[in-house]
Amino acid sequence: MTVLGWILVIVLFAVGMAGAVYPVLPGVLAVYFAFFVYGWFFSFEPFGWFFWILQTLIVVVLMVADYAVGAWGVKKFGGSKLSVWLSTIGIIIGPFIIPAFGLVLGPLLGAMIGELIKGESLSKSFKVGVGSVVGLFSSIVVKVILQLVMIVIFIIWIVAF
């Protein structure tokens, strides 16, 4: 059972890190769930209230930052609310429609379509689309860093306590 417990924890960490890049996967929630799997297989004893508050706070910050950073990219490049929404939809469905390049083309095209619907020029629409991709990659960096922080805190907690 020990081996199975560690395999599940590691798989959830891997899914979580993959989810930082591929938005269809659960991402930070998989990392968070790994802490419960550890507790169920081994013990919740090392985790006190401070651990749970800290990890939950990181999860909340990550979820808010994920949307905010993506929207920031679109807004920074002059995009509208419609472009923010369509780029978000593009992030979700893009990888399914264009498997190899959909993660980049989805938000780019979504933001561009949003601006074109609003009557903006093709060049401005493309600029906003690039902003959505900049926001996406910024969001990925933030997610990877914060999820790694969560995992490192977990490792320190189980080793030190």
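Residues numbered from 1 in each chain as written. Predicted model: local features only at pLDDT ≥ 70, side-chain atom pairs only at ≥ 80, totals over all residues. Heavy atoms only, no water.

Re the overall build of the protein chain
Then comes step 1: Summing up its helical and strand segments, the protein chain has 6 helices and 0 strands in all.
Then comes step 2: Over its C-alpha atoms, taken along the principal directions, the protein chain stretches across nearly 60 × 30 × 15 Å.
Then comes step 3: Of the contacts formed within the protein chain by residues at least 6 apart in sequence, a portion of 64% connects residues at least 24 apart.
Then comes step 4: Once the 7 positive and 4 negative side-chain charges of the protein chain are each reduced to a mean point, those two points are 13 Å apart. (Helix = DSSP H or I, 4+ residues; strand = E, 2+ residues; numbered from the N terminus. Contact = heavy atoms within 4.5 Å. Lys, Arg positive; Asp, Glu negative; His and termini not counted. Charge placed at Lys NZ, Arg CZ, Asp CG, Glu CD.)

With respect to the packing of aromatic side chains
Then comes step 1: Using the criterion set out here, one finds 27 aromatic pairs in the structure.
Then comes step 2: Centroid distance phenylalanine 36 to tryptophan 40: 5.9 Å. Interplanar angle 40°. Geometry classified as tilted. In this pair, phenylalanine 36 and tryptophan 40 both sit in helix α2 (residues 28–41), 4 residues apart, roughly one turn of the helix.
Then comes step 3: Look at tryptophan 40 and you get exposed, because its relative accessible area is 55%. (Phe/Tyr/Trp six-rings, centres within 6.5 Å; stacked < 30°, edge-to-face > 60°. Buried < 20%, exposed > 50% of the residue type's maximum accessible area, 1.4 Å probe, protein only.)

Notes on the nonpolar core
Then comes step 1: With 23 residues, the main nonpolar core has Val9, Phe13, Phe35, Phe47, Phe51, Met150 and Phe154 as its most contacted residues.
Then comes step 2: Sort the elements by how many residues they give to this core and α2 lands first, with 8 residues.
Then comes step 3: Apart from the residues within four sequence positions on either side, phenylalanine 51 is in contact with Phe35, Ile153, Phe154 and Trp157.
Then comes step 4: Counting residues in hydrophobic clusters, the runner-up holds 5 residues, among them Ala71, Val84, Ala111 and Val128. (Core = buried A, V, L, I, M, F, W, Y, C linked by side-chain atoms within 4.5 Å.)

Remarks on the environment of serine 123
Then comes step 1: Positionally, serine 123 belongs in helix α6 (residues 122–160).
Then comes step 2: Classification of serine 123 as exposed rests on a relative accessible area of 56%.
Then comes step 3: Considered as a pair, serine 123 and methionine 112 are 11 residues apart in the sequence and their alpha carbons are 9.3 Å apart.

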